[in-house]
Structures are given as structure tokens and as C-alpha cells.
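Structural characterization, general
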Amino acid sequence: MTISAIIPTHNEADHIGRLVAELRTHGGASLVEILVVDADSPDGTAEVARRAGATVCRSPVRGRAAQMNFGAANARGEVLYFLHADVRVHPDFGRDIGESLAVGYEAGCYRFRFDSPKPLLRLNSFGTRFSGLMSRGGDQTLFITRPLFDRLGGFDERFVIMEDFDIIVRIRRIARFRIIPKNVLVSARKYDTNGWLRVQLANLTAFSLFFLNVSPRRIARTYKALLKYR
């Protein structure tokens, strides 16, 4: 088994070096490459990633779905492992993915916990041990075999947000999806900027629109109007 780690980025210079270093430290022989797919970040993300040891690809289109598809098209691993730039990987990820494949799972993710001790965020983290779609998210990382990814046609690039939920829905229709019972560490910066309640309301709104089959463009426009980013 060979793994290609794929990380879409835009202005992630503060985080990408650490993630690349962690992937290189823990990936072992199965990790054949780390692809950082950057969308013309003006903050030097690409250079930080190169210095840390990643291969940097310039995406012709900005947007996580498009960038991850571009990375997949340039990857050579048998398994594609998609990560957000601000995640802290589990040290066992190579072994965990291999064991998941060995027992028949073609895709999956981790649980998570936040890099914050706030009680309400611990409640969010607890929810990720359950299988419901609303307990999932791209920040939990996603592994998927190349054949399954190709069969699905990759990420739906119409989605600016919710692309991870969309692909998990499609995965579960045709393949087994595993939630690895270990945690990755994810950033609480969105909650620090907006507050817990505001983020929860924004998430609930986005999910409601998604399940109502509202256009991806409208979902993204509504979600971004509800939250501030940093």
C-alpha cells in the first residue's frame, strides 16, 4: 500500500510547515509523497511547504474541491489521504489506514478533538465517535482508495463548502466507510473568531440547505455571510 497525502491550501503559511513535518515523521515507508496544492497564496505558503519537504502544485482553480481533485490527478499513491492544513495528524495514520483496507474499508476518517479545552468544544468532539453525517467533516481527514475515488469522479467542484459531506454520502452508497476510533487534533480558530453558538447556527444552516438540495453556490454564499474568517 502506498499513500499520497494531499493538502489544499490558501494562506496557510503559519500551519503548513508543521503538518508536512508531522506527515514525514509518522508516514513511514507507505507515505510516498506529500502534495500541497496551493491557490496562489500571497503569504508564502508554497515556499514554507517546499522547505518542509512537500511537493507543491499550483492549482489552476481556487477552492478545496478543485484543489483536491487537482492533487489527486497528480498523485501516484494507491490511497489518497486528504487533510486540512491546520490539522495535527495521528502518529499511527499509516498503520491505521493499512489496517482499515485489510478488513474491507475503502475509505474512512478519524474522530477529532479541538486544540482548546473549552467544554462546548469537547461536546462537539464527542459527537465525532458517532456515524451520522452531521458528525463528519473534512478536518477529520479522509482516506480513500484510488479506484473508489475515480469511480466516484472525485470531489464535486460545484461545492465551495460541503464538498467533504457530499463525497462521504456518495462513498457510503457503494462502499464501506470506517471511522477510526482515534483522534486527530483540529484547530478551534473558527470558533475563537465567531463564538460557539454562531458557528453551530452556521453549520446547521449549511446542513439544512444541503439536505434540501439547495444549490452549492447558495449554500456557500449563505455560510460565508454568517461567519468571519481569519
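Described below are features of the structure shown in this document. (Residues numbered from 1 in each chain as written. Predicted model: local features only at pLDDT ≥ 70, side-chain atom pairs only at ≥ 80, totals over all residues. Heavy atoms only, no water.)

1. So, the overall build of the chain
Which entries qualify depends on this criterion: Secondary structure elements follow DSSP: runs of H or I of four or more residues count as helices, runs of E of two or more count as strands, with numbering from the N terminus. As a reference, a globule follows 2.2 Å times the number of residues to the power 0.38, and the radius of gyration itself is taken over C-alpha atoms. The cut-offs for exposure are 20% and 50% of the maximum accessible area for each residue type, with area from a 1.4 Å probe on protein chains only; residues under the lower value are buried, those over the upper are exposed, and the others partly exposed. Only heavy atoms matter for contacts: two residues are in contact if any of them lie within 4.5 Å across the pair. Residue burial considers only the protein chains on display, and all accessible areas are found by Shrake-Rupley using a 1.4 Å probe. Note on charges: Lys and Arg go in the positive column, Asp and Glu in the negative column, and His and the chain ends are not counted at all. Lysine's charge is taken at NZ, arginine's at CZ, aspartate's at CG and glutamate's at CD.
Tallying secondary structure elements over the chain gives ten helices and seven strands in all. By the compact-globule yardstick of 17 Å for 230 residues, the chain fits well, its C-alpha radius of gyration being 17 Å. Judged by the C-alpha coordinates and their principal axes, the chain covers about 45 × 40 × 35 Å. When each of the 230 residues of the chain is scored for burial, the buried share is 55%. When contacts within the chain are restricted to residue pairs at least 6 apart in sequence, long-range pairs at least 24 apart make up 76% of them. Here the chain has roughly 10,800 Å² of accessible surface; of this, 52% comes from carbon and sulfur atoms. Of the side-chain charges in the chain, 34 are positive and 23 negative, and the distance between the mean point of each set is 6 Å.

2. So, the pattern of salt bridges
Selection rule: Put simply, a salt bridge is a Lys or Arg side-chain nitrogen that is within 4 Å of an Asp or Glu carboxyl oxygen.
This model, assessed by the stated rule, comprises 15 salt bridges. Note that Arg58 and Asp40 form a salt bridge whose closest N and O atoms lie 2.9 Å from each other. Here Arg58, found in strand S3 (residues 55–58), pairs with Asp40, found in the loop between strand S2 (31–38) and helix H2 (45–52); they are 18 residues apart in sequence, far enough to count as distant. Residue Arg58 is classed as exposed on the basis of its relative accessible area, which comes to 53%. Under the relative-accessibility criterion, Asp40 is labelled partly exposed at 47%. Overlapping salt bridges, with partners in common, bring together Asp92, Arg95, Asp96 and Lys182 in one network.

3. A look at the nonpolar core
Here is the rule: To define a nonpolar core, start from buried Ala, Val, Leu, Ile, Met, Phe, Trp, Tyr and Cys residues and group those joined through side-chain atoms within 4.5 Å.
Ile7, Leu23, Leu83 and Met162 are the most contacted members of the largest nonpolar core, which totals 50 residues. Considering every element that reaches this core, the biggest residue donor is helix H9 (residues 196–211), with six residues. Those residues in contact with Met162 that lie beyond four places of it in its chain are Ala206, Phe207, Phe210 and Ile219. If you look at the next biggest cluster of nonpolar residues, it comprises 24 residues, including Ile6, Ala65, Met68 and Phe155.

4. Details of H9
Note on helix geometry: an α-helix contains 3.6 residues per turn, so any two residues three or four positions apart are oriented the same way. For clarity, the cut-off: Each residue after the first adds 1.5 Å to the expected span of a helix. As used here, the arc is the angular range of directions from the helix axis to the C-beta atoms.
Between the first and last C-alpha of H9 there are 22 Å, a value that for 16 residues agrees with the 22 Å anticipated at 1.5 Å per step. Among all positions of H9, only Val199, Ala202, Ala206, Phe207, Leu209 and Phe210 are buried. Burial along H9 is one-sided: seen end-on, the buried residues are contained in an arc of 165°. Buried residues belonging to H9 abut helix H7 (163–174), helix H8 (189–194) and helix H10 (216–226). Within two residues after H9, Asn213 carries a phi angle of roughly 60°, on the positive side.

5. Looking at the pairing of strand S4 (residues 79–82)
Under the convention used in this document: Strands qualify as paired when DSSP identifies two bridges or more between them.
Both faces of S4 are covered, namely the face carrying Val79 and Tyr81 and the face carrying Leu80 and Phe82. Two strands pair when backbone bridges link them, and strand S1 (residues 3–9) and S4 are joined in this way by four bridges, in the parallel orientation. Note that in S4 the partner of Ser4 across the bridge is Leu80. Bridge count between S4 and strand S6 (residues 142–145): four bridges; the pairing is antiparallel.

6. Focus: the pairing of S2
Here is the rule: A right-handed crossover is one whose linking path, passing over the helix from the first strand to the second, runs clockwise when the strands point away from the viewer.
Counted residue by residue, S2 has seven buried out of eight residues, so it is predominantly covered. Across seven bridges, S1 lies against S2 in parallel orientation. Looking across to S2, one finds that Ala5 is bridged to Ile34. Handedness of the β-α-β unit built from S1, helix H1 (residues 13–26) and S2 comes out right-handed. Both S2 and S3 contribute to a ladder of four bridges, which runs parallel. Opposite Val37, over in S3, you have Cys57 as the bridge partner. Handedness of the crossover joining S2 and S3 through H2: right-handed.

7. So, the sheet that holds S1
Applied cut-off: To get an axis, a line is fitted to the C-alpha atoms, and for a helix only the part in contact is used. The angle between two axes follows their N-to-C directions and goes from 0 to 180 degrees.
Here seven strands make up an open sheet; going across it, the order is S3-S2-S1-S4-S6-S5-S7 and the pairing mixed. The open sheet has two edge strands with one neighbour each: S3 and strand S7 (177–186). Taking each pair of neighbouring strands and ignoring which way they run, the sheet shows an average axis angle of 25°. Strands in contact with H1 are S1 and S2; relative to S2, the strand with the most contacts, it is inclined by about 165°. Docked against the sheet, H7 engages strand S5 (107–114), S6 and S7, running at close to 155° with respect to S7.

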